[in-house]
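Commentary on secondary and tertiary structure
For reference, the chains in residue letters:
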Amino acid sequence: SGALADDAATGATDARTGRRLKYSEPPEARVPTTRWRLYVFKKSADGASTDGDGLLETLHISKQSAYVFGRDPDACDVHAAHPSLSGQHCAVQFRGVPGAAGKIVCRPYVIDLGSTNGTFLNGDRIEAARYYELRRMDVMTLGRSTREYVLLTEKSGGLTKATEQR
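Summary of the structure given here. This one's a predicted model, so the numbers in the text were calculated from it and none came from an experiment. Per chain, the residues get numbers from 1 upward, laid out in the order the sequence is written. Only residues with pLDDT of 70 or above have their local features reported here, since the model is predicted, and side-chain atom pairs are shown and tallied only from 80 upward, although totals for entire chains, interfaces and linings are computed over all residues. To obtain the side-chain values, all non-hydrogen atoms of the structure were used and water was disregarded.

With that out of the way, let us pick up the pairing of strand S7 (residues 66-70). Exposure categories follow from relative accessible area, calculated using a 1.4 Å probe and restricted to protein chains: below 20% of the type maximum is buried, above 50% is exposed, and the middle band is partly exposed. Per the convention used, a helix needs a DSSP run of H or I reaching at least four residues, while a strand needs a run of E reaching at least two, with both numbered from the N terminus. Judged by how many residues are buried, S7 sits mostly within the fold: five of five residues are covered. Burial along S7 is two-sided: the face carrying Ala 66, Val 68 and Gly 70 and the face carrying Tyr 67 and Phe 69 are both buried. Two strands form a pair only when DSSP identifies at least two bridges running between them. Bridge analysis of S7 against strand S9 (residues 90-98) gives four bridges, and the strand direction is antiparallel. Residue pairing for S9: Ala 66 is matched across the bridge by Gln 93. As paired strands, S7 and strand S8 (residues 78-79) are joined by two bridges and run parallel to one another. Paired with Phe 69 across the bridge in S8 is Val 78.

Planes of paired rings set the category: under 30 degrees apart is stacked, over 60 is edge-to-face and the rest tilted, where pairs are Phe, Tyr or Trp rings (Trp by its six-membered ring) whose centres lie within 6.5 Å. Under the counting rule described, the total for this entry stands at two aromatic pairs. Between the aromatic rings of Phe 69 and Tyr 149, the centroid separation amounts to 5.6 Å while the plane-to-plane angle is 85°, which identifies the pairing as edge-to-face. Note that Phe 69 is positioned in strand S7 and Tyr 149 in strand S15 (residues 147-153), a separation of 80 residues in sequence. Its relative accessible area of 4% is what places Tyr 149 among the buried residues. Between the aromatic rings of Tyr 109 and Tyr 131, the centroid separation amounts to 6.1 Å while the plane-to-plane angle is 75°, which identifies the pairing as edge-to-face. Remark: Tyr 131 occurs in strand S13 (residues 131-133) and Tyr 109 occurs in strand S10 (residues 104-112); sequence separation between them is 22 residues.

A few words now on unusual backbone geometry. Even without glycine at this site, Ala 129 takes up a positive phi of about 60°. Secondary-structure assignment places Ala 129 in the loop between strand S12 (124-125) and S13. Look at Ala 129 and you get partly exposed, because its relative accessible area is 48%. Of note in this structure, Met 137 is not a glycine but carries a positive phi near 75°. Among the secondary structure elements, Met 137 is positioned in the loop between S13 and strand S14 (139-142).

Mapped onto the fold, Met 140 is located in strand S14. You can call Met 140 buried: its relative accessible area is 2%. The sequence separation of Met 140 and Asp 124 amounts to 16 residues, and the corresponding C-alpha distance is 9.2 Å. Among residues more than four places away in sequence, those in contact with Met 140 are Leu 38, Phe 69, Val 92, Val 110, Phe 120, Leu 121, Leu 134, Arg 147, Glu 148 and Tyr 149. Contacts are assigned to residue pairs with any non-hydrogen atoms lying within 4.5 Å of each other.

As structure tokens, then:
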């Protein structure tokens, strides 16, 4: 079910940098066949978009089985520089789980890596070191950052529908 590295003896080490990583992928980790995307928006303090539709970027997150988010650019796949984020803040993990008729399906999950200021899913803070299944149009926020990460697939029917419901 995945593990957070609680001490140096159990933690994985990045082969490139030699840094200790907080997250180890579970045995059921899979690279998804669905083309998942995270649309990144920035909201102002009052909740309004800062400019136009507020879309900052689109992250294509279907090329590997996990993406670690955080402030440490050497240890994270998605660098987020907000001061309220931890060096290794959270991870989006794709896992092969039993689906209908016992067939294995690949689904996205989020796990908080013991961050100080939390990871939020649809406005609710999630518990650290526990997987939460992500669904289309779920919104993740990290720490006190005003960035929102909206999860969609390539075939979700467009960004407009998702943003109207936010």
